[in-house]
Amino acid sequence: MTYDLLIKNGTVVDGSGSARFRADVGVLDGKIAAIGRISSSARETIDAEGHMVSPGFVDGHTHMDAQIFWDHVGSCSCYHGVTSVVMGNCGFTLAPCKESDADLVFRNLERAEDISPQAMQAGIKWSWSSYPEFLDTIEALPKGINYAGYIGHSALRTFVMGERAFSEQASSDELKTMSDLVVEAVQAGAIGFSTSRTPNHITADDRPVASRVADWGEVRAIVNAMGKTGRGIFEIAGESPGRNPERVAEYLGRLRDLSVESGIPQTWGMFSTRYGRDLWRPYFDLLDEAAAAGGRIFAQVHSRELNTLLSFATQMPFDTWDVWRDVRSLPLAEQKAKFMDPELRARMVEVASGKYQGPKIVGVEARPPDYDYLYVVDSMQGQQRLLKDIAAEKNMHPVELMIELGLQSDFKQFFRQPVANEYQDDVIEMIRHPRSAVTFSDSGAHVSQIMDSSLQTHLLSYWVREQQALTLEQAVREITYNTATQFGMHDRGLIRVGMNADINVFDPETVGARMPEVVYDLPSGAKRLRQYAQGMLSVIVNGQPFLSNNEHTGAYAGQLYRGL
């Protein structure tokens, strides 16, 4: 037999959690065809000596719905070994929607997910109205990686209700129409239905996104309608009941009851926070409660802090404040000259040290600075130092040091401010929970402020190599078989004969994230963060080598995954 691809001399970490073993892997017609000592010929061979051979990583929480139209390789997720993603989370999708009403879905996405409306207008070629038509469009696009998608509640509401979706409850006829459209979508291959009820998701004019206007009865009716098909997942960006035990219990009870009565797997993201160390624990207790009652809920967890990355080339906490506002509106070259003026710089430090002047409702904007949790990013490996500690050594105000470091680096210096998951003991506990999935990159969203497409390589570099808190086998299982299975993708996530040949070849001694950089490659010329990986020898999608040391081979073997 002649294989299409032969991966020789590697050590297989197969995704099951079982111990690694030395083997070759043969690929034919996009599937894994043989595992063992293979002497047959192949049209292409990869020498994996000294490397691990694993399934491709699966990311169940992205917002690449718009990006897929202009970025056919699927960056930055692809650089970190992600070969399959789920888009359309949190109710934010581009369908159903007529092209004439595109501004309605852009309104939902613009601020809540920090996606440039100018980029969407310039980069998206509209060819759909219904969600099944949108799936057909995605299927026809060239794709480096594989995509699945939810039908989103906000787009669904605006499609059915128009402008009223942002202010009114649906009529019984409108609710039936929405339910029927979700049934149509999952029968056409949508992986499920997603919604948002979190107060963090707002429009540019400080209004709730459309899904947040809906009452719980609307959500429940739609999910139960989907449940009658026996298909689909329900994903929710959840409510914020705060610390009131009665409100928390009432909300979690609704989630549990809906999982049981609908029969639909339910998922949501969960983080720890310094503002309430144990607030996440009742949510994890719910996972077992729901299972005992006959439902199924799994939590999406991260592999590190949820960070905002700050820089003068992107966003700073003071951009809308007095004095800063005028300077920060200038081109970077002109800003540099302003920051070098001692009197102006002293005034800017004084303003930044004073009373908070940011937006009353903080969406994707840079949060107010918290110097107890504001780090200078000099490397992606090892410990990073607090800005305030370095400033104290230099007898400087932290803001003055930020300006100084910005000038010294030609504004390329990054600062990191965690907004959740500050306590790594909580992070590893959530990772180890049997009803969690390590996923939640938000790739495609927050592109100028958050760079979490590297959460999978961080899991391998930090929790396996640096902390030795997980074995390599355990970590690979978390981001392959476990995630694929939770999202119903049963044809991937394992190195097994007959499975999709989505495969990574990586060096466990060096795999990890490189430093991020600011690029201006969106269709409108807007900026975003880009981050490559190190230690990734090859990323293979559906049997075709797709990336070699971060370089695109020219292959576009990615496919649309239609939910079963």
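It should be noted that the structure appears before, not after, this text.
Described in the following lines is the structure provided in the data block. (Residues numbered from 1 in each chain as written. Predicted model: local features only at pLDDT ≥ 70, side-chain atom pairs only at ≥ 80, totals over all residues. Heavy atoms only, no water.)

1. Remarks on the overall build of the chain
Line of reasoning, step 1. Secondary structure assignment for the chain yields 17 helices and 25 strands.
Line of reasoning, step 2. Rg of the C-alpha trace for the chain: 24 Å, near the compact-globule value of 24 Å for 564 residues, within the 12% margin.
Line of reasoning, step 3. Here the C-alpha coordinates of the chain stretch approximately 75 × 60 × 45 Å along the principal axes.
Line of reasoning, step 4. Residue burial in the chain is summarised as follows: out of 564 residues, 61% are buried.
Line of reasoning, step 5. Relative to all contacts within the chain whose residues are 6 or more apart in sequence, the contacts with residues 24 or more apart total 76%. (Helix = DSSP H or I, 4+ residues; strand = E, 2+ residues; numbered from the N terminus. Rg over C-alpha atoms; globule rule 2.2 N^0.38 Å. Buried < 20%, exposed > 50% of the residue type's maximum accessible area, 1.4 Å probe, protein only. Contact = heavy atoms within 4.5 Å.)

2. What to know about the environment of Ala 140
Line of reasoning, step 1. Along the polypeptide, Ala 140 turns up in helix H3 (residues 131-140).
Line of reasoning, step 2. Spatially, the C-alpha atoms of Ala 140 and Gln 559 are 9.1 Å apart, while their sequence positions differ by 419 residues.

3. Structural notes on the packing of aromatic side chains
Line of reasoning, step 1. Per the stated rule, a full pass over the model turns up 20 aromatic pairs.
Line of reasoning, step 2. Centroid distance Tyr 79 to Tyr 532: 4.4 Å. Interplanar angle 50°. Geometry classified as tilted. Separated by 453 residues along the polypeptide, Tyr 79 in the loop between strand E6 (57-59) and strand E7 (82-87) and Tyr 532 in the loop between strand E21 (528-530) and strand E22 (533-534) bring together distant segments of the chain.
Line of reasoning, step 3. Residue class for Tyr 532 comes out partly exposed when judged on its relative accessible area of 23%. (Phe/Tyr/Trp six-rings, centres within 6.5 Å; stacked < 30°, edge-to-face > 60°.)

4. Thoughts on the pattern of salt bridges
Line of reasoning, step 1. Under the defined criterion, the tally for this structure stands at 38 salt bridges.
Line of reasoning, step 2. Of the charged contacts in the structure, one is a salt bridge between Arg 492 and Asp 491, with a shortest N-O distance of 2.8 Å.
Line of reasoning, step 3. Residue classification places Arg 492 among the buried positions, given a relative accessible area of 7%.
Line of reasoning, step 4. Its relative accessible area of 27% is what places Asp 491 among the partly exposed residues. (Salt bridge = Lys/Arg side-chain N within 4 Å of Asp/Glu carboxyl O.)

5. A short note on the sheet that holds strand E14 (residues 375-377)
Line of reasoning, step 1. What the four strands build is an open sheet, ordered E13-E16-E14-E15; its pairing is antiparallel. Two strands in the sheet have a free side with no partner beyond their single neighbour: strand E13 (306-310) and strand E15 (385-386).
Line of reasoning, step 2. Direction of pairing for E14 relative to strand E16 (residues 414-420): antiparallel, over a ladder of three bridges. Among the inter-strand pairings, Val 376 is bridged to a residue of E16, identified as Phe 415. (Pairing = 2+ DSSP bridges.)

6. Comments concerning the sheet that holds strand E10 (residues 233-237)
Line of reasoning, step 1. Reading across the sheet, the eight strands line up as E6-E7-E8-E9-E10-E11-E12-E17 and stay open at both edges, with parallel pairing between neighbours. The open sheet is flanked by E6 and strand E17 (436-438), the only strands paired with a single partner. Averaged over neighbouring strand pairs, the angle between their axes works out to 25° when direction is ignored.
Line of reasoning, step 2. Pairing of E10 with strand E11 (residues 266-269), which is carried by two bridges, proceeds in the parallel orientation. Its bridge partner being in E11, Phe 234 is matched across the sheet by Gln 266.
Line of reasoning, step 3. Strands E10, E11 and strand E12 (297-301) of the sheet are contacted by helix H8 (residues 245-262), whose axis makes an angle of about 145° with E11.
Line of reasoning, step 4. Of the strands in this sheet, E6, E7 and E17 touch helix H16 (residues 455-466), which is tilted by about 130° from E6. (Axes fitted to C-alpha atoms, helices over the stretch in contact; angles between N-to-C directions.)

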